[in-house]
Structures are given as structure tokens and as C-alpha cells.
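So the chains spell out like this:
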Amino acid sequence: MKIKNVAIAVSGIALALSLAACGGGSTPTADTTTPADGGGEAPAAEGYNLVPKDIDGDGYITLGFAQVGAESGWRTANTQSYKDYFVEANGFKLIFADANQDADKQKQDVRDLITQGAEVIDLAPVTDSGWEPILEEAKAAGIPLIVSDRQLSVSEDLYLTYFGGDMEAEGNRAVEWLTKYMADNSVAEAKIVHLQGTIGSTAQKGRSKALDDAVAANANWSLVAQQTGEFTQAKGQEVMESILQQNADFNVIYSENDDMTYGAIDALTAAGKKVEDYIIISFDGNKSAVQMVIDGKIDVIAECDPLLGPQVGDLIKKAAAGETIAKITYSVEGVIDSSNAAEKITVAFGS
Ligand code: GYE
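Residues numbered from 1 in each chain as written. Predicted model: local features only at pLDDT ≥ 70, side-chain atom pairs only at ≥ 80, totals over all residues. Heavy atoms only, no water.

## Considerations on the overall build of the protein
Each helix and strand in the protein was counted, giving 11 helices and 12 strands. Among the 351 residues that make up the protein, the fraction classed as buried is 54%. Nonlocal contacts in the protein, meaning residues at least 24 apart in sequence, comprise 73% of its contacts between residues at least 6 apart. Per element, the accessible surface of the protein, about 14100 Å² overall, is 52% carbon and sulfur. (Helix = DSSP H or I, 4+ residues; strand = E, 2+ residues; numbered from the N terminus. Buried < 20%, exposed > 50% of the residue type's maximum accessible area, 1.4 Å probe, protein only. Contact = heavy atoms within 4.5 Å. Areas by Shrake-Rupley, 256 points an atom, 1.4 Å probe, with all protein chains shown as cover.)

Take a look at the structure:
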């Protein structure tokens, strides 16, 4: 046991050095000494011992990224941040799999990444359930698995670490903003149209829970409609069109991402409604959405950071070097409204 620990520590340092060397442009040294399972005294992260490493000895860690799809501006920025970061100059290679928002396809994607030679897998799960068998397969194959962007309802011994937003906290920030806005502006009632994201994703579950809880707690808040727009602009527009056709009476739109918000705003405009007459709450913080806050169309955006590639890369390097990393790391996020939009647009992602 002791000898094994020393070997792991040394190989971890060797890999860290080889990754650092890659950054500097020199030829990386292969690390072939680490056994498949870390198994050292300090776990890679709580309840989990597999350590990311260069299994095939080609000098790079190959990341298999099981991505959700290409449904939104957030997603485009997220994918790009992985493609930009996981390159040989940073000590990595990337195999990219797009699940096209299909949870079943994504399960096969993870299996394929294992057979294609991924040395660590990053899973951004479409939905949060049914993952145990696949995660066990990855573990049995000695491939550490990172969860990013959306969380999973599985026990913590099945994955190394989670990195991404705290979706319920994002929802709570939006709800707190609305509570204060109503008090400051003497708005007596919130009659809410709720556009939900992909049902069963933690992005939807957390953001929806925050609103459902607030509606239950406030007698003057009610849900006029609650329907999924699947995180896309087209579906957001379609759902809002049908709500408008039913002549629903509402003054608040709680839309779980910017793309559905764009669709809803298009539907309002096409129906001859004045966008400024509604309190519009959105999530993410794409540059065009922040511009809409400046223009007075969107009232508040609960931020969600898509630029996860370098941050996940950092965690992988730390774990590879033998450090114990946090089981969960939430992105630092706030809200964007008229008070800070001019400053936030200068650093906003996307277009
Ligand atoms: O808010 C939405 C995307 O999972 C946080 O997915 C992500 C969400 C994001 O489609 O725009």
C-alpha cells in the first residue's frame, strides 16, 4: 500500500510537469506508470479514487466530452470554451459527442467515448436520471468521470466531481429579485407565465423549484401557465403564441433561458403587445439578452456561466497531480438588471 501511494504521488507530479511542459510548447513526456485506479491515501475527490491520467502514454490526456446538444446560445459558448481549451498546447486532446438533446443517445455517447479512447469523461447530462449503469461501466473501465453544467441524481462514488451552476440558487436569485421589484414598484400581484427548460434536466428542476416554492409561499403570486419550451427560441415562441391565443391574463414571464425569452418576446411583439408592459425574467446572460436589459425589454437575468472548459481543465490538472479536489464546485453567479447591465455587457458571453 505504501509503495503504491508513493508511485501515485510521483506519477502525479510527473504528469503535472508534463502538462506544464505542454503549455510551454516543449515535447510532453509520457506518463505510463500510474495504475488504472489511484487508490492512494487521499481520494481524488470525496468517495472516489480514479485519477485522470495519460493512459495510452501519448503525452496528452484525452477528454471525452458528452455534450447536451446545440439548443441555445449558452450551449454554443459552452462547447466553444471546451474546443478552445482542450487542445494539445494545454496538454489535452478532445473527443466531442453531441447528444442532440436526446438523453438515450447521450448514454450511448458515453459508452462510445470509452471505446474511442477517452481517458477522462466530462458528462453534461441532458437529464439527471438513469445514469447508474453507464457510470458503473465507466468506472469499471478505469475512466474517471466528471459531471459539468447540470447535476445528476446518483451516489457520489460514481463520479469524480461536479462543476457548474447551482440551478436552484439561480432560481432563488430571480425570485428574490421579483419580490423586491414588486415591493419597490407597488406591483400587487404576480400572474406568471412560466417557460420551463428541458424537463428532467437539473437546470429546469432547480429553476422551476425556486419559482414553485415562491408561488406556494406568496398568496399574491400565481401560475397562469407552466410549459416547457425545451430551452430553444423556436419552442419558446411557439408556447408563448399559444398562451397569447388563449387570451391569458399575465404580467410576469419567468423564462428559464435567454433563447426561450427571445422567442417569447417575438411572440408578444407579433401579437401587438408592448414588451415593456411585462416583467420579464430570464436566465443565462448572453450578450444580446444583456442588451435587451439595457433596452428595457428584459428586466432581470439570473446569470449562468457557460465558460466552463478552462475551469474543468484546471480541476483535471489538479486531480492528475494528486490533489484532492472538491466534490462540488458551483460557478460564481449573480443577477443582471438595469443597475449593472452596462458594466456586465462588456464581459458577457456569446452574441
Ligand atoms: O441555461 C440553457 C441551456 O444547462 C445551464 O442549458 C444549462 C442550460 C442553459 O440550454 O440555455
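## Thoughts on the site of the ligand
Around the ligand sit 13 residues, and of these Glu 71, Asp 149, Arg 150, Arg 207 and Asp 284 come closest. One nitrogen or oxygen atom from the side chain of Ser 72 is found 3.0 Å from an oxygen atom belonging to the ligand. Burial of the ligand by the surrounding chains reaches 100%, relative to a free accessible area of 300 Å². Assessed atom by atom at 2 Å from the grid points, the ligand resides in the largest cavity. Classifying every residue of the shell around the ligand gives five nonpolar, two polar and six charged. (Near = heavy atom within 4 Å. Polar contact = N/O pair within 3.5 Å; in protein donor to acceptor, adjacent residues only side chain to side chain. 1 Å grid on protein atoms, 1.4 Å probe; cavity = no way out; pocket = protein on both sides within 12 Å on 5 of 7 lines; lining within 4 Å. Sits in = over half its atoms within 2 Å of the grid points. Nonpolar A, V, L, I, M, F, W, Y, C, P; charged D, E, K, R; others polar.)

## Some points on the nonpolar core
Judged by nonpolar contacts, the single largest core of 83 residues is most densely connected at Leu 145, Met 240, Phe 250 and Ile 316. Counting residues per element, this core draws most heavily on helix α8 (residues 258-270), at six residues. Each of domain 1 (30-166 + 306-332) and domain 2 (167-305 + 338-344) gives at least three residues to this core. Residues in contact with Met 240, not counting those within four places in the same chain, are Val 193, Phe 250, Ile 253, Ala 264 and Ala 267. Counting residues in each nonpolar core, the second largest holds 19 residues, with Val 175, Ala 190, Ala 214 and Ile 279 among its members. (Core = buried A, V, L, I, M, F, W, Y, C linked by side-chain atoms within 4.5 Å. Domains from an automatic or database assignment.)

## Section: the pairing of strand β4 (residues 145-148)
The alternating pattern of β4 places Leu 145 and Val 147 on one face and Ile 146 and Ser 148 on the opposite face, and all of these are buried. At this point the chain moves from strand β3 (residues 120-123), through helix α4 (residues 132-140), to the parallel β4, and the crossover so formed is right-handed. Of the strand pairs in this sheet, β4 and strand β5 (residues 161-164) are connected by three bridges, and their pairing is parallel. Residue Ile 146 lies in a different strand from β5, and its bridge partner there is Thr 161. (Right-handed = clockwise from strand over helix to strand, strands pointing away. Pairing = 2+ DSSP bridges.)

## Examining α4
The set of residues buried in α4 consists of Ile 134, Leu 135 and Ala 138. Buried residues along α4 cover an arc of 95 degrees about the axis, so they all sit on one side. Against α3 (103-115), β3 and β4 lie the buried residues of α4. Residue Gly 142 follows α4 closely and has a positive phi angle near 75 degrees. (Arc of directions from axis to C-beta.)

## Quick look at the packing of helix α7 (residues 233-245) against α8
One way to put it is that α7 packs onto α8 with a least axis distance of 7 Å and a crossing angle of 40 degrees. Between α7 and α8, the angle falls in the class oblique. The element α7 and its partner α8 pack so that their crossing is right-handed. Residues Gln 233, Gly 236, Gln 237, Met 240, Glu 241 and Leu 244 of α7 lie in contact with α8, whose contacting residues are Asp 259, Met 260, Tyr 262, Gly 263, Ala 264, Asp 266, Ala 267 and Leu 268. Taken together, the residues of the contact of α7 with α8 sort by class into seven nonpolar, four polar and three charged. (Axes fitted to C-alpha atoms, helices over the stretch in contact; angles between N-to-C directions. Parallel < 35°, antiparallel > 145°, perpendicular 65-115°, else oblique. Left-handed = near helix turned anticlockwise from the far one by under 90°.)

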